Structures are given as structure tokens and as C-alpha cells.
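Listed here are the chains, written in short residue letters.
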Amino acid sequence: MDLVDIFPAFGIRIECGPVTLRAMRESDATRVAELAAEGIHAPSARPFLRPWNLEEEQPTTSLQFYYRTWASVTPESWTLLFAVERDGILVGAQDMRTESFAVLRTAETGSWLGLAHQGHGTGTLMRQAILVFAFDHLAAVQMTSGAWADNPSSHRVSEKCGYGLNGYDLRDRQGEPVRSDRFVVTPGTFVRPPYDVVVTGLEAFARSVGLDVTP
Ligand SMILES: CC(C)(COP(=O)(O)OP(=O)(O)OC[C@H]1O[C@@H](n2cnc3c(N)ncnc32)[C@H](O)[C@@H]1OP(=O)(O)O)[C@@H](O)C(=O)NCCC(=O)NCCS
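Because the structure is a prediction, the values reported are computed rather than measured.

1. Observations regarding the pattern of salt bridges
It is possible for side chains of opposite charge to pair when their charged atoms get near one another.
Thought 1: Summed over all chains, the structure comprises 11 salt bridges.
Thought 2: Salt-bridge contacts for Arg13 lead to Glu15; the nearest nitrogen and oxygen are separated by 3.4 Å.
Thought 3: The class of Arg13 is partly exposed, set by a relative accessible area of 31%.
Thought 4: Overlapping salt bridges bring together Arg22, Asp28 and Glu85 as one network.

2. Section: the nonpolar core
Thought 1: Within the largest apolar cluster, 60 residues are counted, with the highest numbers of intra-cluster contacts made by Ile14, Leu21, Trp78, Met96, Phe133, Leu138 and Met143.
Thought 2: Top contributing element to this core by residue count: helix 5 (residues 122-137), with nine residues.
Thought 3: Among all residues touching Trp78, those that are not within four sequence positions of it are Val73, Met96, Arg97, Thr98, Phe101, Leu138, Phe205, Val209 and Leu211.

3. What to know about unusual backbone geometry
Thought 1: Its identity as a non-glycine residue notwithstanding, Asp87 has a phi of 50°, on the positive side.
Thought 2: Along the chain, the position of Asp87 falls in the loop between strand 3 (77-86) and strand 4 (89-99).
Thought 3: Note on Asp87: relative accessible area 61%, which makes it exposed.
Thought 4: Its identity is not glycine, yet Gln174 carries a phi of approximately 50°, on the positive side.
Thought 5: Tracing the sequence through the fold places Gln174 in the loop between strand 7 (164-173) and strand 8 (176-185).

About the criteria used
Residues numbered from 1 in each chain as written. Predicted model: local features only at pLDDT ≥ 70, side-chain atom pairs only at ≥ 80, totals over all residues. Heavy atoms only, no water. Salt bridge = Lys/Arg side-chain N within 4 Å of Asp/Glu carboxyl O. Buried < 20%, exposed > 50% of the residue type's maximum accessible area, 1.4 Å probe, protein only. Core = buried A, V, L, I, M, F, W, Y, C linked by side-chain atoms within 4.5 Å. Helix = DSSP H or I, 4+ residues; strand = E, 2+ residues; numbered from the N terminus. Contact = heavy atoms within 4.5 Å.

Shown next as C-alpha cells:
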């Protein structure tokens, strides 16, 4: 038996032209630490709730986050963690998190890329890849994303993928009140990627969280 037979989320793979989303694994934590050390954003920018990638404990806290996320997968509430590869090299991460998906068919995504890998269209392709996965393979009816008002590249990626603004929250970002914009995309507004998307390993995962998917 392989680990993926016990934990099917480890078997999901989404290929979209030069970009591949494959399940994050424990051994990826070292490459994530390298990317974080090389920079994910300018030191003054704040794309996340806290600057986790600038913290000395990042390798430990990221690994603990992965373990917590894997340990918390249930049919009612699950998060998929993907390592993002461009031309076979790990360049960032994409996640998809949801509650009551079988009923609501909606999920939220989040993502980041190492600084050196930004601005080449990878952020758009990885978002389009996960949206094809959600809409075509998991029958999602909408997908959401959020970004601070001062994160123009994330806003632009959402816009390019066909999201519309869906309100905002005022949130405490390290002691500052900052607007966090909410975006939503549906199958009708989604701007699809210029590549076919190939998904493998979904059926066993879907069964494990109580979803009925036909290949
Ligand atoms: C957000 C992120 C994933 C996008 O990935 P990416 O590979 O850079 O995105 P793409 O290259 O596909 O597209 C970026 C778009 O933003 C635009 N953009 C970048 N900086 C911009 C700025 N300052 N003002 C306006 N537009 C900007 C680019 O021109 C591009 O749009 P275009 O294709 O119309 O020219 C990446 O920048 C990242 O990881 N940032 C740091 C972490 C982060 O912000 N994560 C998201 C948290 S919500």
C-alpha cells in the first residue's frame, strides 16, 4: 500500500500547459523555505495577514500548517494544498479550502509565488487551473478569493480570470485597519486558460470526502 491509498488528497494532480499543481508533501517544506528566504514579496509589502515568510520560524510554522491542514480533512471541511511547478520546478503554492462543499459547492482559494517567478503569467495560469478543477471536476457553482486593497497583482489575476468584486471586509492587518476585497467567479464569468487542463487522482479523494464525481 502507498500513502496515497490512505490519504487520497496526496494523489491529486492538475496540469495546465507549463504549470502543474500537485499535492504538497512533507518533503516540499525545504523548497518552500528556500523560496520564502529568497522573498515572496517586497519587505515593505503585506500581501498576507502576517508576514509569515519573513519570520525566522517560517520553515517550522509552514510545516506545522501543512500537518494541521492534512490532519483536519473531513467531508464537512477540507483544504487541498498544492505545490505549484512551472516547467517542473517548484515555484509557489496554491490552496483550495471549503466547508460543506457537498451542499454549497463553493470554495476559497489562496496562492503565492516566489518573487523571481512572479510576473510571467504563472499566477493567472495556476488560478485558472484550480478553477477548471473546481468547476468542471467538482461541480462548484462559484469560487471566491480575497486580497488586500493594496495588492494590485492579485486583483489583476482575479480580474483576468473573470472574478467580480463581491464586497469587502475591514480587517486588522498587524494593527492597521485595511480593506480586504472579496471576489467571486462563476462558470458563466470564468475566463478559461489557453491550455487543456488534465486532472488525475481525483476520484479517490472525492470518495473520501463524500463527493460523487463521474470521470
Ligand atoms: C499574486 C501572485 C500569485 C500573482 O502571480 P503572478 O505570476 O505575478 O501573476 P501574473 O503574472 O499571471 O499576473 C499579474 C498581473 O498583475 C499585474 N500587476 C503586477 N503588478 C502590478 C501593479 N503594481 N499594478 C497593476 N498591475 C500590476 C501584471 O501586469 C499582470 O497583469 P497583466 O497580465 O494584465 O499584465 C504573485 O504576484 C504573488 O505571489 N504575490 C505575492 C503573494 C500574494 O500576493 N499572494 C496573494 C495573496 S491574496
